[in-house]
Amino acid sequence: MAKAKLVAYGVLGLKPWEFDELSVMDFNEMVDGYNQKAMADKWVMAYWTANIMNVSIKHPVSPSELMRPFTKNTGVSRAKDAEAFFAEFAAQREEAEREKG
């Protein structure tokens, strides 16, 4: 229970009365959502880091290579995660271009 409170009050930013009103399933879903967002943020960082690194190195680095320490998935699952990230990134870019022009 102490670890759950640390996560609730720290990472999720819940107030004590909000935490008390949550069911275990709701809390787990909030933690899963946070973990998915954190992983998406890491993929964004890996994407931009790879782009910056590839300007000045001889052998290009992919975002997947940079994400290897953070992913314990199989190669197939990692490829699906990367594919989903790039699809979402492309959709966001297209939406921004539509709004812009």
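Residues numbered from 1 in each chain as written. Predicted model: local features only at pLDDT ≥ 70, side-chain atom pairs only at ≥ 80, totals over all residues. Heavy atoms only, no water.

Trainee: Tell me about the overall build of the protein chain, and please be specific about residues and values.
Mentor: When its secondary structure is counted, the protein chain shows five helices and zero strands. The helix and strand sequence of the protein chain, counted from the amino end, reads α-α-α-α-α. For 101 residues, the compact-globule estimate of 2.2 N^0.38 gives 13 Å, and the protein chain exceeds it by more than 25% at 18 Å. Taking the principal axes of its C-alpha atoms as reference, the protein chain extends roughly 55 × 40 × 25 Å. A buried classification covers 17% of the 101 residues belonging to the protein chain. The long-range fraction of contacts in the protein chain, counting pairs at least 24 apart against all pairs at least 6 apart in sequence, stands at 30%. Summed over all atoms, the accessible surface of the protein chain reaches about 7900 Å², with 59% contributed by carbon and sulfur. The positive charge centre, built from 13 side chains, and the negative charge centre, built from 15, are 10 Å apart in the protein chain. (Helix = DSSP H or I, 4+ residues; strand = E, 2+ residues; numbered from the N terminus. Rg over C-alpha atoms; globule rule 2.2 N^0.38 Å. Buried < 20%, exposed > 50% of the residue type's maximum accessible area, 1.4 Å probe, protein only. Contact = heavy atoms within 4.5 Å. Areas by Shrake-Rupley, 256 points an atom, 1.4 Å probe, with all protein chains shown as cover. Lys, Arg positive; Asp, Glu negative; His and termini not counted. Charge placed at Lys NZ, Arg CZ, Asp CG, Glu CD.)

Trainee: Summarise the nonpolar core; cite the residues concerned and give the values.
Mentor: Core analysis: the biggest nonpolar cluster contains seven residues, these being Trp43, Ala46, Tyr47, Met67, Ala82, Phe85 and Phe89. Elements supplying a minimum of two residues to this core: α3 (24–54) and α5 (75–100). Discounting residues that sit within four places of it in the chain, Tyr47 has contacts with Pro63, Phe85, Phe86 and Phe89. Within the second largest apolar cluster, five residues are counted, among which are Ala8, Leu12, Phe19 and Phe27. (Core = buried A, V, L, I, M, F, W, Y, C linked by side-chain atoms within 4.5 Å.)

Trainee: Could you give an account of the layout of surface pockets, naming the residues involved and the relevant values?
Mentor: Quantified by volume, the largest pocket comes out at close to 210 Å³. Residue lining of the largest pocket: twelve residues in total, with Gln36, Met39, Ala40, Trp43 and Asp81 positioned closest to the centre. Counting residues per element, the ones that place at least two in the lining of the largest pocket are α3 and α5. Here the residues of the lining of the largest pocket are counted per class, giving six nonpolar, three polar and three charged. (1 Å grid on protein atoms, 1.4 Å probe; cavity = no way out; pocket = protein on both sides within 12 Å on 5 of 7 lines; lining within 4 Å. Points joined across faces, edges and corners; volume = space filled by probe spheres on them. Nonpolar A, V, L, I, M, F, W, Y, C, P; charged D, E, K, R; others polar.)

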